[in-house]
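Below are the chains, spelled out letter by letter.
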Amino acid sequence: MKLKRLPIGDSDFKTVIEDNAYYIDKSMLIKEIITGGRVILITRPRRFGKTLNISMLEYFFKNDEDNKHLFENLKIYEEKEIIEKHLNKYPVIYLTFKDLKAA
């Protein structure tokens, strides 16, 4: 039996899912964003998965590849209307400053 690895320091959603690493399902954040207000502020302390969550959003919405397989075992996949209307339907610009070091 192969043990799952802990994705320590891994902030790419696709890598975490495809490598079958441990992942705490936060996919309902997608529903909160879709059904939420006009302005959304995501605040979390350091090391609480902000970059991983933004990466999840990128793979959910971006339309340049089919990422359905990444979400099939997550809670958001039960939301059929959201899946049909929004999964891989939008162009996405993804920027991260995670690895930026101040001089």
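Here is what the cut-offs are and how they apply
- Residues numbered from 1 in each chain as written.
- Predicted model: local features only at pLDDT ≥ 70, side-chain atom pairs only at ≥ 80, totals over all residues.
- Heavy atoms only, no water.
- Helix = DSSP H or I, 4+ residues; strand = E, 2+ residues; numbered from the N terminus.
- Buried < 20%, exposed > 50% of the residue type's maximum accessible area, 1.4 Å probe, protein only.
- Contact = heavy atoms within 4.5 Å.
- Areas by Shrake-Rupley, 256 points an atom, 1.4 Å probe, with all protein chains shown as cover.
- Lys, Arg positive; Asp, Glu negative; His and termini not counted.
- Charge placed at Lys NZ, Arg CZ, Asp CG, Glu CD.
- Patch = residues over 30% accessible without salt bridge, like charges linked within 9 Å, V, L, I, M, F, W, Y side chains within 5 Å.
- Salt bridge = Lys/Arg side-chain N within 4 Å of Asp/Glu carboxyl O.
- 1 Å grid on protein atoms, 1.4 Å probe; cavity = no way out; pocket = protein on both sides within 12 Å on 5 of 7 lines; lining within 4 Å.
- Points joined across faces, edges and corners; volume = space filled by probe spheres on them.
- Nonpolar A, V, L, I, M, F, W, Y, C, P; charged D, E, K, R; others polar.
- Expected span 1.5 Å × (residues − 1).
- Core = buried A, V, L, I, M, F, W, Y, C linked by side-chain atoms within 4.5 Å.

### Looking at the overall build of the protein
Moving on, step 1. For the protein, the count of helices and strands is five helices and zero strands.
Moving on, step 2. Start at the N end of the protein and walk to the C end: the helices and strands fall as α-α-α-α-α.
Moving on, step 3. Dimensions of the protein, computed from the C-alpha atoms along their principal axes, are close to 45 × 40 × 25 Å.
Moving on, step 4. Split into buried and exposed, the 103 residues of the protein put 29% on the buried side.
Moving on, step 5. Relative to all contacts within the protein whose residues are 6 or more apart in sequence, the contacts with residues 24 or more apart total 66%.
Moving on, step 6. For the protein, the accessible area works out to roughly 7,800 Å², and carbon and sulfur atoms hold 54% of it.
Moving on, step 7. Here the protein holds 19 positive side-chain charges and 16 negative ones, and the gap between their average locations is 6 Å.

### Structural notes on a nonpolar patch on the surface
Moving on, step 1. A contiguous nonpolar surface patch, about 370 Å² in accessible area, is contributed by L6, I8 and Y22.
Moving on, step 2. Within the secondary structure layout, L6 lies in the segment before α1 (13-18).
Moving on, step 3. The class for L6 is exposed, based on a relative accessible area of 55%.

### Overview of the layout of surface pockets
Moving on, step 1. Roughly 610 Å³ of internal volume is contained in the largest pocket.
Moving on, step 2. Every residue lining the largest pocket is counted, 20 residues in all, and those nearest its centre are D10, R47, F48, G49 and L52.
Moving on, step 3. For the lining of the largest pocket, the element with the most residues is helix α3 (residues 50-61), which contributes four residues.
Moving on, step 4. By residue class, the composition of the lining of the largest pocket is nine nonpolar, five polar and six charged.
Moving on, step 5. Roughly 230 Å³ of volume is contained in the second largest pocket.
Moving on, step 6. Around the second largest pocket sit 13 residues that line it, and K4, I17, N20, N73 and L74 are the ones nearest its centre.

### A word on α3
Moving on, step 1. Between its first and last C-alpha atoms α3 spans 17 Å; for twelve residues at 1.5 Å apiece the expected length is 16 Å, and the two agree.
Moving on, step 2. Taken as a whole, α3 has its buried residues at L52, N53, S55, M56, L57, E58, Y59, F60 and F61.

### Some remarks on the nonpolar core
Moving on, step 1. Counting residues in each nonpolar core, the largest one holds 20 residues, and the members touching the most others are F13, Y23, I30, M56, F60, F71 and I76.
Moving on, step 2. Mapped onto this core, the elements with two or more residues apiece are α1, α2 (28-35), α3, α4 (68-71) and α5 (80-86).
Moving on, step 3. At six residues, the largest contribution of residues to this core is made by α3.

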